[in-house]
Amino acid sequence: MSSNLQKTIREPIEFKGVGLHNGIDANLCLKPAEANSGIKFRRTDVDFDKSIIEANYENVNSPILCTKIKNQHGFSVSTIEHLMAAFYIEGIDNVLVEIDAPEVPILDGSAFDFVEAIRSFGTQEQNHPKKFIEVLKKVEVKDGEKYISIEPSEKDLIIDFEIVYKNPLIRTRRKEFKLSKSDLNSIYNSRTFCLYEDIDKIVSLGLAKGGSLQNAIVVNDNKILNDDGLRYRDEFVSHKILDCLGDLMLAGHRIFGHIKTSQGGHQLTNVLLRKFLSDKTNWEIENFQEKETKDGPYLRPF
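Residues numbered from 1 in each chain as written. Predicted model: local features only at pLDDT ≥ 70, side-chain atom pairs only at ≥ 80, totals over all residues. Heavy atoms only, no water.

Peer 1: Requested: an account of the pairing of strand β16 (residues 217-220), with residues and values cited.
Peer 2: It is a general feature of regular strands that their side chains alternate between the two faces of the sheet. Strand direction decides the pairing type here: strand β15 (residues 193-195) and β16, joined by three bridges, are parallel. Of the residues in β16, the one forming a bridge with Leu195 is Val219. Where the polypeptide runs from β15 across helix α4 (residues 199-204) and back to β16, its parallel neighbour, the crossover connection is right-handed. What sits between β16 and strand β17 (residues 223-224) in their antiparallel hairpin is a turn of two residues, with Asp221 showing a positive phi close to 60 degrees. (Pairing = 2+ DSSP bridges. Helix = DSSP H or I, 4+ residues; strand = E, 2+ residues; numbered from the N terminus. Right-handed = clockwise from strand over helix to strand, strands pointing away.)

Right, here's the structure in full:
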């Protein structure tokens with residue numbers, strides 16, 4: 001039976017890998033956390049008293065090509081979106097993420113290893129109800145041809161995502177994802193991607209130092225340079241939905257709402273969260289006890 005009690009992991013889970021953008025090897029350990037403590041990162045390589053960084057939309061700093069959070073002491077952790085998406089998908093509310101470097105390991109470029117490890121090690125229910133953010137009014141953000149909006153949805157999260165590329169292989173693609181009903185495997189198993197012609201520009205910005213065909217899909221004109229090709233026909237747009245899930249997790253609670261976006265990304269999602277959550281007439285917090293919602297449509301992932 002699904003439950004709407006809060007959840008943490010059962011025991012510590014360790015990962016090791018390279019950062020996509022800084023190229024630095026990192027050791028990461030997920031640890032169980034108390035109910036109502038939320039998701040927190042702790043940099044183990046800096047001053048202990050200044051090392052905690054709360055995974056919160058207000059702490060997002062410079063969300064370009066990844067999501068980075070930064071605390072008041074100037075310490076940051078970047079590329080957190082895939083891990084945060086894994087927490088969203090697996091219903092994890094409370095966890096301490098310890099890391100000895102400023103960037104989360106990219107692993108294979110998806111959330112696969114995070115999700116599978118959480119499922120393998122197991123989770124622990126906590127005797128406190130989950131809290132959900134219920135959308136009351138539509139809020140929209142536009143940036144030229146790009147836009148993102150959020151509006152009410154009955155006890156579910158829906159993400160309607162459109163990508164628009166001039167590349168003949170990626171093209172324009174659109175996918176609607178419903179957390180209660182969609183194939184979660186195809187979301188968490190979809191990898192980050194880039195265009196071959198953009199690599200020099202990205203590198204010139206001091207990024208992608210750890211990038212390779214082992215952790216990203218590279219598209220050159222109408223060819224996939226990775227030997228294994230795509231995992232899914234819609235892997236490009238599915239990965240964008242994965243990123244969006246991870247960024248939405250920074251709201252602090254899961255959302256009952258309908259997201260619609262075209263050419264969205266980390267920055268646009270963060271701008272939406274700031275606008276949406278800054279006005280308390282846009283939303284309210286709901287607690288849904290198990291006895292009231294055990295047959296509800298939203299419970300499958302949890």
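Peer 1: Any chance you could break down the sheet that holds strand β8 (residues 95-99) for me, citing the residues and the numbers?
Peer 2: The strand order β2-β3-β8-β4-β5 describes an open sheet built from five strands, whose pairing is mixed. The sheet is open, and its two borders are formed by β2 (13-18) and β5 (52-54), each paired with just one other strand. Each strand of the sheet is rotated relative to its neighbour by a mean of 25 degrees, with strand direction disregarded. As paired elements, strand β4 (residues 39-43) and β5 share three bridges and run antiparallel to each other. Note that in β5 the partner of Lys40 across the bridge is Glu54. (Axes fitted to C-alpha atoms, helices over the stretch in contact; angles between N-to-C directions.)

Peer 1: Please give an account of the pairing of strand β11 (residues 139-143) that cites residues and values.
Peer 2: Sheet topology note: the β11/strand β12 (residues 146-151) ladder contains five bridges and is antiparallel. Counted as the bridge partner of Val139 is Ile150 from β12.

Peer 1: Break down the pattern of salt bridges for me, with residues and values.
Peer 2: If charged atoms from side chains of opposite charge come close, those side chains can pair. As enumerated under the stated definition, the model contains 15 salt bridges in all. Taking the shortest distance from any N to any O, the salt bridge between Asp45 and Arg43 comes out at 2.8 Å. A residue is classified by how much of its surface remains accessible, and Asp45, at 39% relative accessible area, is partly exposed. Residue class for Arg43 comes out buried when judged on its relative accessible area of 8%. The closest approach of N and O atoms between Arg119 and Glu116, which form a salt bridge, is 4.0 Å. Here Arg119 pairs with Glu116, and both are found in helix α2 (residues 112-121), just three residues apart, close to one helical turn. You can call Arg119 partly exposed: its relative accessible area is 39%. For Glu116, a relative accessible area of 30% translates into the label partly exposed. It is possible to trace a salt-bridge network through shared partners that takes in Lys31, Arg42 and Glu98. (Salt bridge = Lys/Arg side-chain N within 4 Å of Asp/Glu carboxyl O. Buried < 20%, exposed > 50% of the residue type's maximum accessible area, 1.4 Å probe, protein only.)

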